[in-house]
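For reference, the chains in residue letters:
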2 protein chains.
Amino acid sequence: MEQRLTIVALGVRNLEESRAFYGVAFGWSETKSSNESIAFFQLNGMLLSLYPRDKLAEDAAVDPAGSGFKGYTLAYNCRSKVEVDKTINYLRLHGADVVKEPQEVFWGGYSSYIADPDGHLWEIAFNPYLKLDDQGNIIPE
Amino acid sequence: MEQRLTIVALGVRNLEESRAFYGVAFGWSETKSSNESIAFFQLNGMLLSLYPRDKLAEDAAVDPAGSGFKGYTLAYNCRSKVEVDKTINYLRLHGADVVKEPQEVFWGGYSSYIADPDGHLWEIAFNPYLKLDDQGNIIPE
């Protein structure tokens, strides 16, 4: 397998609410392939999709029951601490649940977390050890 | 916010088992920044990380309790149905739990799912409507 991924699919309980959250709070635009059943956002080389949670479980042929911590997080890395603060403030103003305020963390970064309407966690962080190119891609070591 | 993500972090119960799974079944190599506490894999413009589940919850300042369907999936898109079959066979031989055998699906694709040692779900699929470049990045519409 090549070292890559194609899609991160988030199961959501209310598709309209979630697409509004990513459209307004994140300010992201959907692709033309999005429709009333599913939303796609073109990210760096991959897609984020929003799909009803029960249908996502059905697609994977697994029991949809589940609760609590989802056991994973996504990260959006900023290019400075100031950008982290600005991003968190903007997200908060637009309805995001800030679960961890921006703060210095033990590994040398500056990190915060928000939850989307379904509790999908996004870390908004500055990591001085990660180098981003002009498109926001991580430059390989 | 730019339309991108930087890291997908998977919470794992046994880091050695999980890094062996991604190293052997997926055949992926870790970055130099990986150490005994965390594993990183350079993907297309972003990183996949493996980190102890309880520590990931602690980092996000949320309760680590959680069970059942995680409410999200990751996808690895192949360039043909044959590649899906070969990939699933290889993964199965190397210990992956195949939760959905490759099959035609209603949206016109050919799809299967495997679970990693912690139940993180990966869809292994061929989607005739998604165009991949030579590096495996999705070509924007």
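In this numbering scheme, every chain counts its residues from 1 along its sequence in written order. Here chains are named by letter from A upward and ligands by number from 1 upward, in the order in which they appear as written. Given that the model is predicted, a residue must reach a pLDDT of at least 70 before its local features are reported, and side-chain atom pairs must reach 80 or more before they are shown or counted; all residues, however, enter totals for whole chains, interfaces and linings. Derived side-chain values reflect all non-hydrogen atoms in the structure, with water molecules and hydrogen atoms excluded from consideration.

*Asks:* Is there a simple way to think about the overall build of chain A in this case?
*Replies:* Numbering of helices and strands runs from the N terminus; a helix is a DSSP stretch of H or I covering at least four residues, while a strand is a stretch of E covering at least two. Within chain A, the secondary structure is distributed over three helices and eight strands. Since a compact globule built from 141 residues should have a radius of gyration of about 14 Å, the 16 Å found for chain A is in line with a globular shape. Viewed in the frame of its principal axes, chain A has a C-alpha envelope of about 40 × 35 × 30 Å. For chain A, buried positions account for 55% of its 141 residues. Residue contacts are defined here by distance: any two heavy atoms, one from each residue, within 4.5 Å place the two residues in contact. Residue pairs at least 24 apart in sequence account for 50% of intrachain contacts in chain A once pairs closer than 6 positions are excluded. Throughout, the Shrake-Rupley method with a 1.4 Å probe supplies accessible areas, and for residues the shown protein chains are the sole cover considered. Carbon and sulfur atoms make up 51% of the accessible area of chain A, which totals about 6200 Å². One way to put it: in chain A the 13 positive side-chain charges average out to a point 3 Å from where the 20 negative ones average out. Atoms considered for the radius of gyration are the C-alpha atoms alone. The globule rule reads 2.2 Å times the number of residues to the power 0.38. Note on exposure labels: buried denotes an accessible area under 20% of the residue type's maximum, exposed denotes more than 50%, and partly exposed covers the range between, all computed with a 1.4 Å probe on protein chains only. Asp and Glu are treated as the negative residues and Lys and Arg as the positive ones, with His and the ends of the chain left uncounted. To locate a charge, take atom NZ for lysine, CZ for arginine, CG for aspartate or CD for glutamate.

*Asks:* Could you clarify how one ought to interpret the sheet that holds strand β5 (residues 72–78) of chain B in this entry?
*Replies:* Note: strands within a sheet are paired through backbone hydrogen bonds, in either parallel or antiparallel orientation. One requirement defines pairing of two strands: DSSP has to find at least two bridges between them. Strand order in this open sheet of seven strands is β2(A)-β3(A)-β1(A)-β5(B)-β8(B)-β7(B)-β6(B), and the pairing throughout is mixed. What marks the edges here is a single partner per strand, and that holds for β2 (39–42) of chain A together with β6 (97–104) of chain B. Recorded for the sheet is a direction-independent mean angle of 20° between the axes of neighbouring strands. A fitted line through C-alpha atoms represents every axis, and for helices the fit uses only the stretch in contact; the resulting angles, taken between N-to-C directions, go from 0 to 180 degrees. Lying on the sheet, helix α1 (residues 15–24) of chain A is in contact with β1 (7–12), β2 and β3 (47–52) of chain A; it crosses β3 of chain A at an angle near 155°.

*Asks:* Is there a simple way to think about the sheet that holds strand β7 (residues 110–115) of chain A in this case?
*Replies:* Strand order in this open sheet of seven strands is β6(A)-β7(A)-β8(A)-β5(A)-β1(B)-β3(B)-β2(B), and the pairing throughout is mixed. Two strands in the sheet have a free side with no partner beyond their single neighbour: β6 (97–104) of chain A together with β2 (39–42) of chain B. Going from strand to strand, the sheet's axes swing by 20° on average, the running direction of each strand aside. Across five bridges, the pairing between β6 of chain A and β7 of chain A is antiparallel.

*Asks:* Could you clarify how one ought to interpret the domain arrangement of chain A in this entry?
*Replies:* Interfaces are frequently sized by the accessible area removed from exposure as the parts join. All names here are of chain A. As assigned here, chain A comprises domain 1 (7–59) and domain 2 (74–126). Taken together, the 14 residues of domain 1 in the interface contact 14 residues of domain 2. The term buried area means the drop in 1.4 Å probe accessible area that two parts suffer when joined, counted for both and summed. When domain 1 packs against domain 2, close to 1100 Å² is buried across both sides, 70% of that on carbon and sulfur atoms. Sorting the residues of domain 1 by area buried against domain 2 places Phe21, Ala25 and Phe26 first, and these three jointly supply 41% of that buried surface. How far each domain reaches was decided by an automatic or database domain assignment.

*Asks:* Mind showing me how you'd approach the nonpolar core here?
*Replies:* Soluble globular proteins tend to bury their nonpolar side chains together. Ranked by internal contacts, the top residues of the largest apolar core, which has 59 residues, are Val8, Tyr22 and Trp122 of chain A together with Val8, Tyr22 and Trp122 of chain B. At four residues, β5 of chain B tops the list of elements feeding residues into this core. Leaving out residues up to four positions away in the same chain, Tyr22 of chain B has contacts with Leu10, Gly27, Trp28, Phe41, Leu48, Leu50, Asp116 and Trp122 of chain B. Within this scheme, the nonpolar core is defined by two criteria: the residues are buried Ala, Val, Leu, Ile, Met, Phe, Trp, Tyr or Cys, and they are joined through side-chain atoms within 4.5 Å.

*Asks:* Mind showing me how you'd approach the relation of the copies chain B and chain A here?
*Replies:* Think of it as a corkscrew move, a rotation about one axis and a shift along it, taking one chain copy to the other. C-alpha atoms of residues with pLDDT of at least 70 in both copies form the basis for the least-squares superposition of the copies. Its rotation angle being 180°, the transformation that places chain B on chain A also includes 0.0 Å of axial translation and leaves an RMSD of 0.0 Å. Between the two chains, the operation in question is that of a two-fold axis. For chain B, the minimum C-alpha distance to the rotation axis belongs to Lys70 of chain B and amounts to 2.3 Å.

*Asks:* Even after reading the chapter, I still don't get the interface of chain B and chain A, so can you show me in this structure?
*Replies:* Counting residues at the interface gives 69 residues for chain B and 69 residues for chain A. Interface area, chain B with chain A, both sides summed: about 6000 Å², of which 53% is carbon and sulfur. Here a salt bridge means any side-chain nitrogen of Lys or Arg lying within 4 Å of a carboxyl oxygen belonging to Asp or Glu. For Lys100 of chain A, the salt bridge is made with Asp59 of chain B, and the minimal N-O distance between the two is 3.7 Å. Whenever two N or O atoms come within 3.5 Å, that pair is a polar contact, provided that in protein one can donate a hydrogen and the other can accept it, and provided that, for residues adjacent in sequence, both atoms are side-chain atoms. On the surface where chain B and chain A come into contact, there are 41 residue pairs in polar contact (both at pLDDT 80 or more).

*Asks:* I would appreciate a short explanation of the packing of aromatic side chains in the present structure.
*Replies:* Aromatic ring pairs are described here by two measures, namely the spacing of the ring centres and the angle between the planes. Centres within 6.5 Å are what make two rings of Phe, Tyr or Trp a pair, Trp counting through its six-membered ring; a difference in plane orientation under 30 degrees is then read as stacked, over 60 as edge-to-face, and the rest as tilted. A full pass over the atoms with the stated rule returns 21 aromatic pairs over all chains. Seen in terms of ring centroids, Phe21 of chain A and Tyr22 of chain A are 5.3 Å apart; in terms of plane orientation they differ by 85°. Their pairing is edge-to-face. Accessibility assignment for this pair places Phe21 of chain A and Tyr22 of chain A in one class, buried. With a centroid separation of 4.8 Å and 55° between ring planes, the pair formed by Tyr22 of chain B and Phe26 of chain B is classed as tilted. Neither Tyr22 of chain B nor Phe26 of chain B differs from the other in exposure class; each is buried. Here a set of aromatic residues connected by ring pairs shows up, and it is made of Phe21, Tyr22, Phe26, Trp28, Phe41 and Trp122 of chain A. Sitting above the plane of the Tyr76 of chain B ring, Arg4 of chain A keeps its charged end 4.4 Å from the centroid. Our definition puts a charge over a ring when NZ of Lys or CZ of Arg is within 6 Å of the ring centre and also within 35 degrees of the ring normal.

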